[in-house]
Amino acid sequence: MIGSKSGLDHCFAILSFFNNIGCEKSRRKIYDEYNDEEVELTKEETKLVRRMLKGKTPHADFDPYAPYVDWFKWEDAKHPLSNAPEPKSRFIPSKSEAKKVLGLVRAIRKGFIKFDKPKEEPRFYMLWGDDASSSEKSGHLSYIPAPKPNMPGHEESYNPSLEYIPTQEEINSYQLMDEEDRPKFIPKRFTSLRSIPAYENAVKDSFERCLDLYLCPRVRKKRINIDPESLKPKLPSRKDLRPYPATCYLEYRGHKGAVMSISTEASGQWIASGSSDGTVRLWEVETCRCIKVWEFGEVVQYVAWNPLPELPILAVTVGQDVFLLNSGLGNEEIQRKVKELLHVETPTAPEDSGNKVSGWSWRQDDEHEGIRLRHFKSVYSVEWHRKGDYFSTVMPAGDSKAILIHQLSKKFTQRHPFKLHGLPVSAVFHPTRSIFFVSTKKNVRVYDLLKQKLIKKLETGLREVSSISIHPAGDNIIVGSRDGKLCWFDMDLSSKPYKVLKCHPKDINNVAFHRSYPLFASCSDDCTAYVFHGTVYSDLNQNPLIVPLEILRGHASSDGRGVLDCKFHPRQPWLFTAGADSLIKLYCH
């Protein structure tokens, strides 16, 4: 560095720096190269430098966020500063619109968008052409010309042959005919054309012709030729859906009145029936032998077996009473257990508090060797829970206490904990879950007994519901009505019916599902029972398959009533029907 000009300059700068270390004023001194002198900055100048280093304005009095003042607007302004149009440079095209235009251009080039071709007017046209073939009508509705009147024949001639002139007998026969069938023109014979009188119906015929032209809709309607067989749904053959009940195999005779209700025992060996003659009979299915009869003296409305095979208990509704009867079936151990359940030490009738109900009583019935459960209104039906300890009763005239739930083991009764909307028709337990179905005359309500809340309301759209039945899986319901319609509900699908089958011309009295086979049936007052195939798939995307199979006949009508009840055999594809003609029939495959 020694010997060069730049090196000497650096040396002098370093020496001056060390000499000024102890001086306080040297911090504000700056060397001015232009004037070759040292300048001492003041405090104000030092503050300006510091503000500029921080990126601020040099003067602290300057406001960078002062309000904007539009210098080109004033109150007395009448004319703009310039009337020149906006320059093209200020127009910024929209990118989204450019993309749309590009898409339309590509669609036109590929042929996705086609423009209407200009109509070419024909150079020549048919001078004497028909109106129907004119090109002016092609763009409108198909035009049909007015029908032309028939040309006159030989009978309209003024001098026809003798074979066209009617005799006097034929003319007299014309007078006896209706005016529509009578011929409008009767041929006559004249010697010359001058002797022909004026046509008496000329005005009438011309008026009718004008009326026909005015009222005739001359539009061609295209007829679609469709094969009726192609409109039918493709259903499997009935042979592939066997077995199902088809023919009457046995008849159970013994009742003197209409058989109101039947019920099959869990093992399928026995069947119980209740009749309007006041008796309940116990039958052996295979032999038609009546092994036991209970006399009540009143109309037996409903009978129902306990679903447990180890508890052969029969529930019978007679008027305001529900009798729990010991059928006497089973071994000694089963009989001992049944007698313990059907024993009431003291009559129970608790007071009305909460869900407990007054107006009923559990009493021992020594006459029929069972329990007599007294209600305050007539009982219409009784249904058992799948575990065999609980059962429900329906009293349509019971108002808020129309549906009661009873417990056999504790001899306890409580009312349905929900408000009823309408007259109840039936109440059924869910086959696998703690769900309770209550059907009124218009709707079916589904309740959860554990959570005590309404789950679903099924809108039937029927005039009056008569009966319901639950599929063994619990997700599908069939509802019968008094207007002969049968509704299939899918609980997972909708609150509206999946299918409505109009099968019976009269009231449907009962509907039933089979426990193991994909079958369901309905019985009606038209003395028939319909058997259907109903397969429910585990795949939720596949709808149930419903196929009508057989119409079972054989019962006779009595007092306008037909088949009053129908039940399936628990193990076999057999159907039991109870009729108003005091007969019970068994239909087998």
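Residues numbered from 1 in each chain as written. Predicted model: local features only at pLDDT ≥ 70, side-chain atom pairs only at ≥ 80, totals over all residues. Heavy atoms only, no water.

An unreviewed UniProt entry lists the chain under the name Ribosome biogenesis protein BOP1 homolog, with Salix suchowensis given as the organism. According to the UniProt record, the Function (unreviewed entry) comment for the chain reads "Required for maturation of ribosomal RNAs and formation of the large ribosomal subunit." (UniProt positions renumbered as here; feature names shortened; annotations may be inferred.)

Visitor: Give me the nonpolar core: which residues, what numbers.
Guide: In globular proteins that are soluble, nonpolar side chains generally tend to be buried together. Within the largest apolar cluster, 22 residues are counted, with the highest numbers of intra-cluster contacts made by Ile313, Leu324, Trp362, Trp384, Phe391 and Leu408. The set of elements that each furnish at least two residues to this core consists of strand S8 (300–305), strand S9 (313–318), strand S10 (321–326), helix H7 (332–341), strand S12 (370–374) and strand S13 (381–384). With residues up to four places along the chain from it excluded, the contact list for Ile313 reads Ala304, Trp305, Asn306, Leu324, Leu325, Val338, Leu341, Leu342, Trp384 and Leu408. (Core = buried A, V, L, I, M, F, W, Y, C linked by side-chain atoms within 4.5 Å. Buried < 20%, exposed > 50% of the residue type's maximum accessible area, 1.4 Å probe, protein only. Helix = DSSP H or I, 4+ residues; strand = E, 2+ residues; numbered from the N terminus. Contact = heavy atoms within 4.5 Å.)

Visitor: Pulling in residues and values, what's your account of helix H2 (residues 43–53)?
Guide: Buried residues are scarce in H2, accounting for one of its eleven residues. Gly55 sits one or two positions beyond H2 and adopts a positive phi of about 85 degrees.

Visitor: With reference to specific residues and values, describe the packing of aromatic side chains.
Guide: This model, assessed by the stated rule, comprises twelve aromatic pairs. Ring plane angle 50 degrees and centroid distance 6.3 Å describe the contact between Tyr252 and Phe576, whose orientation is recorded as tilted. Note that Tyr252 is positioned in strand S3 (residues 247–252) and Phe576 in strand S30 (residues 575–579), a separation of 324 residues in sequence. We note that Tyr252, like Phe576, is buried. Look at Tyr530 and Phe532: their rings are 6.3 Å apart centre to centre, the planes differ by 20 degrees, and that puts the pair in the stacked class. The exposure classification of Tyr530 matches that of Phe532, with both residues buried. Members of the aromatic cluster, each reached through a chain of ring pairs, are Trp488, Phe513, Phe520, Tyr530 and Phe532. For the cation-ring pair, Lys499 lies above Tyr498, with the distance from its terminal atom to the ring centre recorded as 5.6 Å. (Phe/Tyr/Trp six-rings, centres within 6.5 Å; stacked < 30°, edge-to-face > 60°. Lys NZ or Arg CZ within 6 Å of the ring centre and 35° of its normal.)

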